[in-house]
Amino acid sequence: MSGGRAAVHRQLIELARRKALSAGAAEEGLRLAAVLPDGPAWRRFLERVCAYGGTLACAAGIIFLVAFNWQEWPPIAKFALLQALLAASAAVAWRLGTARPAGRVALLFAMILCGALLAYLGQHYQTGADSYQLFLAWGLLILPWVAVSRSAAAWALLLVLANLAAQLYVGRFSPILLAALDGGWPHPWLFWLDLAAAAAAEALGGRLADGGRMRFLPRLAGVLVLAIVVSALVGAILDDARAGGFLAWANRAVMALALAGGFLFYQWRRDLPMLTLCCLAAIAVATAGLARLLAQGDPGELALLVVGGFLIAASAGAAVWLRRLQARWAEEA
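Residues numbered from 1 in each chain as written. Predicted model: local features only at pLDDT ≥ 70, side-chain atom pairs only at ≥ 80, totals over all residues. Heavy atoms only, no water.

**Some words on helix H6 (residues 131-149)**
Part 1 of the reasoning: With 19 residues, H6 should reach 27 Å at 1.5 Å per residue; the first-to-last C-alpha distance of 27 Å fits that figure.
Part 2 of the reasoning: The complete set of buried residues in H6 reads Tyr132, Phe135, Trp138, Gly139, Ile142, Val146 and Ser149.
Part 3 of the reasoning: Buried positions along H6 lie against helix H5 (101-125) and helix H7 (152-169).
Part 4 of the reasoning: Where H6 ends, the next residue or the one after it, Arg150, has phi of about 55°, a positive value. (Helix = DSSP H or I, 4+ residues; strand = E, 2+ residues; numbered from the N terminus. Expected span 1.5 Å × (residues − 1). Buried < 20%, exposed > 50% of the residue type's maximum accessible area, 1.4 Å probe, protein only. Contact = heavy atoms within 4.5 Å.)

Following this line, the structure appears as structure tokens:
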């Protein structure tokens, strides 16, 4: 029935915008249609935020506790603590089941501790493995747990690990994605990885237990794809050193097609937030092209005025188009 609530939401908002309903009447209608969250809905939301936030905080605390006492504790104590906590959290998840939020949270805690255990194993025994192999092995080991968890948070963790492994494999790691994508081969690696992840997340649809209705995982993968596309295209436009050969330009052409396809796909899905991000990405690429074109003629301060005017006009045009698109969707609903 989520599609029905979404249709009622759009209709009431459009009626309020046209002054056919007062703001108070529209709000009451949304409350009666169970669109606006009530007390129990807010409580469930806060419970999930606190549960997942507490899980991340506890996992980080355990990791830093072991790291801080690395010299004082014997190896058996460090590994026994991590293994005991991992086994206990996995047992709790198995006992509660992944159908319950507590079971999914416990399983996510076990997934994070699995990575910590691998990191400490490599640090203590000095295996000589590359950094990317840690994240690759981590992702492969937790893959069965992720598959059975049906949790958007677990799939997001796997997506982050895959991106980190790809960045480290090509030797251009940075916590900030755009700083890591400084031209060259990281673009194709990460682009195809995140594009496949976005397609898989869309295929999963609402079958995820956490974040399914809000499309958390598809939007996360879509944001990563758009960030890579914008970084690659803007970099190729503004810097001749990143031109590369035929294969590099072929990949950039595919990225441009993916950006254009994003407009069509998210229009079909009626995903207004992602459609807005597609507009921002297109404006950024177009602005870079305009700035490069103006820089060749050396117009001086006039270039800044032209680029500023283009940004204002493009942003206003995108806002008007998105507003009309939302109104049309409300009428069709």
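**Observations regarding the pattern of salt bridges**
Part 1 of the reasoning: Counting across every chain of the model gives four salt bridges.
Part 2 of the reasoning: Glu202 is the partner of Arg269 in a salt bridge, and the nearest nitrogen-oxygen pair spans 2.8 Å. Highlighted residues: Arg269 in helix H11 (residues 246-269) and Glu202 in helix H9 (residues 186-204), separated in sequence by 67 residues.
Part 3 of the reasoning: Its relative accessible area of 14% is what places Glu202 among the buried residues. (Salt bridge = Lys/Arg side-chain N within 4 Å of Asp/Glu carboxyl O.)

**As for the layout of surface pockets**
Part 1 of the reasoning: The calculated volume of the second largest pocket comes to roughly 450 Å³.
Part 2 of the reasoning: Lining the second largest pocket are 23 residues, with Leu158, Leu159, Leu161, Ala162 and Leu193 sitting closest to its centre.
Part 3 of the reasoning: Those elements that provide at least two residues to the lining of the second largest pocket are H6, H7, H9 and helix H10 (216-238).
Part 4 of the reasoning: For the lining of the second largest pocket, the class distribution of residues is 22 nonpolar, one polar and no charged. (1 Å grid on protein atoms, 1.4 Å probe; cavity = no way out; pocket = protein on both sides within 12 Å on 5 of 7 lines; lining within 4 Å. Points joined across faces, edges and corners; volume = space filled by probe spheres on them. Nonpolar A, V, L, I, M, F, W, Y, C, P; charged D, E, K, R; others polar.)

**Description of the packing of H7 against H10**
Part 1 of the reasoning: Contact pair H7 / H10: the axes reach a minimum separation of 9 Å and the direction vectors enclose 20°. For the element pair H7 / H10, the angle class is roughly parallel. As for how H7 packs across H10, the hand of that crossing is right-handed. The residues of H10 that touch H7, namely those facing Ala152, Trp155, Ala156, Leu159 and Asn163, are Phe216, Leu217, Leu220, Ala221 and Leu224.
Part 2 of the reasoning: The residue makeup of the contact of H7 with H10, split by class, is nine nonpolar, one polar and no charged. (Axes fitted to C-alpha atoms, helices over the stretch in contact; angles between N-to-C directions. Parallel < 35°, antiparallel > 145°, perpendicular 65-115°, else oblique. Left-handed = near helix turned anticlockwise from the far one by under 90°.)

**Some remarks on a nonpolar patch on the surface**
Part 1 of the reasoning: Judged by side-chain polarity, Trp42, Phe45, Leu46 and Val49 come together as a nonpolar surface patch covering roughly 410 Å² of accessible area.
Part 2 of the reasoning: As for its position among the elements, Phe45 is in helix H3 (residues 39-68).
Part 3 of the reasoning: Classification of Phe45 by relative accessible area gives partly exposed; the value is 46%. (Patch = residues over 30% accessible without salt bridge, like charges linked within 9 Å, V, L, I, M, F, W, Y side chains within 5 Å. Areas by Shrake-Rupley, 256 points an atom, 1.4 Å probe, with all protein chains shown as cover.)

**Focus: unusual backbone geometry**
Part 1 of the reasoning: Not every positive phi belongs to a glycine, and Arg150 is a case in point at roughly 55°.
Part 2 of the reasoning: Considering the arrangement of structural elements, one finds Arg150 in the loop between H6 and H7.
Part 3 of the reasoning: One non-glycine residue, Arg270, lies in the positive phi region at around 55°.
Part 4 of the reasoning: Of note, Arg270 is situated in the loop between H11 and helix H12 (272-297).

**Remarks on the confidence of the model for the chain**
Part 1 of the reasoning: Mean pLDDT over the chain works out to 81, with 80% of the residues at or above the 70 mark.
Part 2 of the reasoning: Taken element by element, the chain is modelled with least confidence in helix H8 (residues 177-180), mean pLDDT 44, and with most confidence in helix H4 (residues 75-96), mean pLDDT 90.
Part 3 of the reasoning: The low-confidence segment residues 175-185 (pLDDT under 50) makes 23 contacts with residues lying over four places distant or belonging to another chain. (pLDDT = per-residue confidence, 0-100.)

**Quick word on the environment of Val307**
Part 1 of the reasoning: The residue Val307 is located in helix H13 (residues 301-332) in this model.
Part 2 of the reasoning: You can call Val307 buried: its relative accessible area is 16%.
Part 3 of the reasoning: A sequence separation of 17 residues divides Val307 from Leu290, and the C-alpha atoms of the two residues are 7.0 Å apart.

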